[in-house]
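For reference, the chains in residue letters:
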Amino acid sequence: MRAVVVREFGGPEALELVEMALPRPGRGQVRVRVAAAGVNPVDAVTRAGTLAVAGLMAPRAVTGIGWDVAGTVDAVGPGVTGVAPGQRVVGLRDRLDVDLGTYADHVVLDADVLAPAPAGLSLAAAATLPLNGLTALQALDLLDLPAGSTLMVTGAAGGVGGFAVELATLRGLRVVALAGEDDEQLVRSLGAQWFVPRGVGDVAAAVRELVPGGVNGAVDAALLGVRALGAVRGRGAFVAVAGGSEPVGLRGIRVANVWITADGPALGRLAALAGDGRLTLRVADTLPLEQAAQAHRRLADGGLRGRLVLTP
């Protein structure tokens, strides 16, 4: 079978399409025939070696690329129940210390990280959900704000930010969305009550003009760090998305950084919301697996609304 791997860290040209042996599922594992794999910024920083330099992954001869997957179960290992060959599923590969990622014809994952694919939606769309949806969900869980609270989401038009706006709205939170000037209509359609353009000079002042005293919490998907902290009221809460700057918790603000954890049951709840039309899945474009390098170049160029998806 084919898979995209990295042997030497570098630019998009470091992505190699190679032949590998078909993996076999072990106890508690499932093999998925990949129909679609989402392309995410974490894939690019893995390819470039940034995670290795940061001490988040050990040196390896071969590094698999890709976290998001949607496809069809084609084999199950011993001890697996509730998952059968032919079932459409979504899943998340959250380990860095493996030779095979989701940019491949097949991938083996633990059964408990899989969930039924959203009903009525394409597998390409489904592949945009796991990493960004679970990150947004887990960020909101860390904030733990009661209904009626105010929340600022930076990068609100992006993958994580868009899901955070929708999920927060479903929880009864009132959202201030920070995004590009051209994205106001989009983020308001996702549920944002207020809008602040990304290019504003003083984020805190702009938010506090809309919400006197500041918001109760923030999801910092745009990695603004301390620039966004001033928008949060004293004794509020602030969650930085993994890789972002986690500011000092001044004024009694509770600060955390969300590091994604694969979670099949939570992913199932997100997939059900998407299938019901209450969570928006956005595909910017689909490309064949052999164009993984081109997908990474387009990701680096920016300006995408939705995720690029590789289709083996």
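This text follows the structure it describes.
None of the values given here were measured: they were computed from a predicted structure. (Residues numbered from 1 in each chain as written. Predicted model: local features only at pLDDT ≥ 70, side-chain atom pairs only at ≥ 80, totals over all residues. Heavy atoms only, no water.)

Engineer: What exactly am I supposed to notice about the side chain of Asp43 here?
Structural biologist: Relative to the helices and strands, Asp43 resides in helix α1 (residues 41-48). Summary of buried charges: Asp43 has no salt-bridge partner, and the nearest side chain of opposite charge, Arg93, is 5.7 Å away. A distance of 2.9 Å separates the side chain of Asp43 from the backbone nitrogen of Asn40, its partner in a polar contact. Setting aside chain neighbours within four positions, we find Asp43 in contact with Gly38, Ile65, Gly66, Trp67, Tyr103 and His296. (Helix = DSSP H or I, 4+ residues; strand = E, 2+ residues; numbered from the N terminus. Buried < 20%, exposed > 50% of the residue type's maximum accessible area, 1.4 Å probe, protein only. Lys, Arg positive; Asp, Glu negative; His and termini not counted. Salt bridge = Lys/Arg side-chain N within 4 Å of Asp/Glu carboxyl O. Polar contact = N/O pair within 3.5 Å; in protein donor to acceptor, adjacent residues only side chain to side chain. Contact = heavy atoms within 4.5 Å.)

Engineer: What exactly am I supposed to notice about the nonpolar core here?
Structural biologist: Among soluble globular proteins, nonpolar side chains are generally buried collectively. By size, the foremost hydrophobic cluster in this structure holds 89 residues, and its most contacted members are Tyr103, Leu151 and Val219. Among the elements that make up this core, the one with the highest residue count is helix α4 (residues 130-143) (seven residues). If you look at the next biggest cluster of nonpolar residues, it comprises 19 residues, including Trp194, Val207, Val215 and Phe238. (Core = buried A, V, L, I, M, F, W, Y, C linked by side-chain atoms within 4.5 Å.)

Engineer: Sorry, what's going on with the sheet that holds strand β12 (residues 215-220) here?
Structural biologist: For sheets, the rule is that strands pair by backbone hydrogen bonds, running either parallel or antiparallel. Overall, parallel pairing links the six strands, which are arranged β11-β10-β9-β12-β13-β14 in an open sheet. Two strands lie at the open edges of the sheet, namely β11 (194-197) and β14 (254-258), each paired on one side alone. Strand after strand, the sheet turns through a mean of 15° between neighbouring axes, direction not considered. In terms of strand pairing, β12 meets strand β13 (residues 232-241) through five bridges, oriented parallel. (Pairing = 2+ DSSP bridges. Axes fitted to C-alpha atoms, helices over the stretch in contact; angles between N-to-C directions.)

Engineer: How should I be thinking about unusual backbone geometry in this particular structure?
Structural biologist: Note: most residues except glycine have negative phi, and most peptide bonds are trans. In this structure, Asp144 takes a positive phi of about 55° despite not being glycine. Along the chain, Asp144 turns up in the loop between α4 and β9 (150-154). One non-glycine residue, Arg251, adopts positive backbone phi at about 55°. The topology assignment puts Arg251 in the loop between β13 and β14.

Engineer: Help me out: how do you make sense of the pairing of strand β1 (residues 2-6) in this one?
Structural biologist: On a regular strand, one side chain projects to one face of the sheet and the next to the other, so that they alternate. Most of β1 sits inside the fold, with four of its five residues counted as buried. Where β1 meets strand β2 (residues 15-19), five bridges bridge the pair, whose relative direction is antiparallel. Looking at the pairing, Arg2 lines up with Glu19 of β2. Summarising the sheet, β1 and strand β4 (residues 63-64) pair through two bridges and their orientation is antiparallel. What sits directly across from Val6, in β4, is Thr63.

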